Structures are given as C-alpha cells and as structure tokens.
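Residue-level structure breakdown
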Amino acid sequence: MSKAIVATASLAGCFGCHMSILDIDDKILQLIELVEFNKSPIDDIKEFTKMCDVGLIEGGCCNSENIENLINFRKNCKILISVGECAIMGGLPALRNGIPIKECLDEAYLGGPTTGICNPDKIMPNDEELPMILDKVYPCHEIVKIDYFLPGCPPRAELIWEALTALLTGKEMNLPYEVIKFD
Amino acid sequence: MSDNKINFTIDGKQCIAEEGMDLWKAAMVNGIFIPYFCHLKDVIPAGSCRICTVKVNGRCMAACTTPITKDMNGAVVENETPQLEEMRKMIVELLFVEGNHFCPSCEKSGNCELQAMAYRYKMMVPQFSYNFPLRKVDASTPKIYLDRNRCIQCKKCIRAIKDEQGRSYFAFYKRGNKLEIHIDHELAANMSNELAQTAMDTCPVGAIIRKEKGFDTPIGKRKFDKEPIGTEFLKK
Ligand code: SF4
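Residues numbered from 1 in each chain as written. Chains lettered and ligands numbered in written order. Predicted model: local features only at pLDDT ≥ 70, side-chain atom pairs only at ≥ 80, totals over all residues. Heavy atoms only, no water.

**A short note on the packing of aromatic side chains**
Going through the model one piece at a time under the given rule, you end up with 7 aromatic pairs over all chains. Ring centres of A:F182 and B:F96 lie 5.8 Å apart, and the angle between their planes is 85°; this geometry places the pair in the edge-to-face category. Of the two residues, A:F182 sits in the segment after α7 (157-169) while B:F96 sits in helix α2 (residues 82-98), which places them in two different chains. Ring pairing ties together the aromatic residues A:Y177, A:F182, B:F96 and B:Y119, which thus form one cluster. Between A:K181 and the ring centre of B:Y119, over which it is positioned, the NZ or CZ distance is 5.1 Å. (Phe/Tyr/Trp six-rings, centres within 6.5 Å; stacked < 30°, edge-to-face > 60°. Helix = DSSP H or I, 4+ residues; strand = E, 2+ residues; numbered from the N terminus. Lys NZ or Arg CZ within 6 Å of the ring centre and 35° of its normal.)

In structure tokens form, the structure reads like this:
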C-alpha cells in the first residue's frame, strides 16, 4: 500500500496540537510507516508539492494569512480535519471576539502596562508585510468546509492517533470516554 | 399495593413511583437517568432548560415539572429514543454557541455539567455557528465573580442561594436574548465562604466562581474526567 500523504498547519494556535501529534510515543515509528508528510512545520516543507490525503489544521483564523493558508489547504487536501479547540471554535485567541479590534490593538501597543517601556514611540505595527488582523477569530469551518473535528486543548495523542489510523486503514475507531475532552 | 404507588414504563422498563414525585426523580428511583441542567435536589423544579424532555404517552413533557399522578398509571414514557437524544444534543449545541464557553480557560472545566453533557453526546463541534456575544463579568463582590459569558440561565442560583430570611442573592435582569444574571451587591458583601462555595457548586457551568481559589483539582481527578454524567446518581 502506498503511504498516505499528510500535511499540517498551525494557524492561530500555540503549536500545542502539533506537540500532541508528536506525543504518541513509539507509535511515531508506526506513523512513519503509514504516512509521508508534505507541507508541515514538522518537516519544514513550506509549499505543497503534491495533492495530500489528509490535512490537519491547528488554530483558528485571526488574520488574512491564516485565511489564505486555510483555503490553500482545502484546495490541496482531500480530507481536512480541525484539530483542537482553537480550530474548532477559535479557542483562547477568540477571547478577544467580543472586544472591538481597535480597543485590542490600543491595549496591546499603546495602553498596556508594559507598552511605555517597550514602545516609547507608540508605534502601531503597520508594515505591509504583516497580515491584516481580522475583526474576530473565526473557527475554521466558518471559512472552508471541514470534514472532521478532533476536540481537546490539545486533543489527546490517543484521539489523534485513533482518528488518523481509522481514517487511513478503514478500521473502526475505538474511543474510550476519557479521550474526548475539551481541555 | 398501596394506593399512592403508580405503575408506568420508561423505554419499556416497568417502573413504580410514589404519587406526587416528579418524573425526573421517579426515573432516578427506578435506576434510569434523564439528562438535566436546571434540576436541583429539594428545590421546586423550574423547567427552564428542557433537556429532560421525555415523551409521556406520545407527548413531549419536561420530566422535572411532570408530577406522577393517578393519570400516569400505565403511562408509556419514552426517554432514550433517537429523536429525543438528537433533540437534547441540539440543546447542548445551542447552549455552546449562544454564550462564550472557552473550556480550556475555565476553572469549572472537568466539573462542568454543560461540558459533561457534551461529552455524553460526543459533541465534536456544534452544528450551529458561534454567536460570540459581548457579555460583562461582575467581579465587584468580595467572595465570588460572576462570568455571564458562561451562564446558561438555568435559574439554579436564584432558586437555591438565599439568606436566612429567604432573600435570593441572585436575580435575572431584562428578557429574551438580553437576559442577564445579576448579584445583589449588598447581600453579597457579607457572603460566607461556605455559601460562596455552595453557589459555585450549584451553578452547572463556570458562571459563579469563588475568588482567590484557582484550579485545585488536577486533570484526571475531576468529576467528569473518568465517568460520564449520570453515573454518579445511579451508583447511589
Ligand atoms: S449563574 Fe449559573 S446557576 Fe445561575 S442561572 Fe447562570 S448558569 Fe444557572
């Protein structure tokens, strides 16, 4: 059987979900037998070089780059999975969702307790290289179609493993109660 | 058999309960768990969350506000049918998108009944879009803070947390989607630590949190880490 091709991305996330992917201990050897990684921070491949079978998305969308990246993943992956609370519902970055964006930026760069020392010239980041920040943090499935969801902060390594192997081998998922958690 | 014992079935199982008892409790007495949010032991039921909806002789009723009466003799009650379970799952999903439920940063996570109910229904993602409403936190009282982002408006705190004269510490303000839970600042100024703890434990979610007390139970040891909601009742 040819290996399945997997791509991963961290959008507005903390890389915790990626750590959890790597937290499968010695099963990582089995994983390498089963899959080949394409665009992913795990192997540092920056661009898609072929169509992928599975895309794992960590993090929600907080800026224009996240959106472009996510749309690119949808185009290049047959199956797209939201991994973790941030991808599923925005997660901690979405705590800002009720607050007007100007207030957030003012607090971060002008009015915050440490900004006097770190930002004496009161500069608001404005380089055109920087992606545009969105009005709020969006769950991935509100931007593109997502096929499966793996909750958790981060999702338990066991959940990611079970889901991936079930998907790739067609065997049934065996998920004990402890494995599906939102924290 | 004495007169006040009523016979009925729940999902085909023969049940006996005393007249006057509510159907939610009657099910429990007969070893059957009906999901709940607003039901509270020894407090008059409010029927506000509707997740305990069952069918009694084909008609949808909230189990907590349905008394066992003589008319219920021989009644056919449906509880865990696919239709009712689907509808209950939907209630959970609606509650998740209606407020702001950030489980990873919530002190109640692991002990939260809303979260536990989502685990029961294996909710991977709500099917509705997130509302992200703007809601204020009231941290101005000495013993507790009130995080309205997490309130599911079950009225438990209003009904259960009272002073010696029977005055409620909590009350609702406004209506519909503007409905907000409030706390009486005068009463709350002298709230005891014990009552603050009871208030926190009474709230099914993390809307009432004790101050100066953080995450003190490790992951794995919290109420719903290992066992689904409902197990704790049926064991008793
Ligand atoms: S604060 Fe808690 S107990 Fe009170 S109505 Fe809201 S969810 Fe229910």
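**Focus: the environment of B:I68**
Residue and element names in this part refer to chain B. Position of I68 among the secondary structure elements: in the loop between β4 (59-62) and β5 (75-78). Judged by its relative accessible area of 1%, I68 is buried. Non-local contacts of I68, meaning those with residues more than four positions away in its chain, are made with I6, F8, A17, E18, E19, G20, M21, D22, L23 and A26. (Buried < 20%, exposed > 50% of the residue type's maximum accessible area, 1.4 Å probe, protein only. Contact = heavy atoms within 4.5 Å.)

**Things to note about the interface of chain B and chain A**
Tallying the contact residues gives 26 residues for chain B and 24 residues for chain A. When the area that chain B buries against chain A is broken down by residue, the three leading residues are B:Y119, B:M124 and B:F132, summing to 31%. The tally of links between chain B and chain A comes to 1 salt bridge. The salt bridge partner of A:D183 is B:R222, with a shortest N-O separation of 2.7 Å. Between the two partners, chain B and chain A, sit 7 residue pairs in polar contact (both at pLDDT 80 or more). It is helix α3 (residues 113-120) of chain B that contributes the most residues to the side of chain B that touches chain A, 3 residues altogether. In the side of chain B that touches chain A, the residues fall into 15 nonpolar, 6 polar and 5 charged. (Buried area = accessible area lost by both parts, 1.4 Å probe. Salt bridge = Lys/Arg side-chain N within 4 Å of Asp/Glu carboxyl O. Polar contact = N/O pair within 3.5 Å; in protein donor to acceptor, adjacent residues only side chain to side chain. Nonpolar A, V, L, I, M, F, W, Y, C, P; charged D, E, K, R; others polar.)

**Thoughts on the pairing of strand β3 (residues 53-56) of chain B**
Looking along a regular strand, one sees the side chains alternate between the two faces of the sheet. Residues and elements named next belong to chain B. Burial along β3 is two-sided: T53 and K55 facing one way and V54 and V56 facing the other are all buried. Relative to β4, β3 runs antiparallel, the two being bridged by 4 bridges. Pairing of K55 across the sheet is with C60, part of β4. The antiparallel hairpin formed by β3 and β4 contains 2 residues in its connecting segment, where N57 sits at a positive phi of about 50°. Strand direction decides the pairing type here: β3 and β5, joined by 2 bridges, are antiparallel. Each residue of the ladder has a partner; that of K55, found in β5, is E78. (Pairing = 2+ DSSP bridges.)

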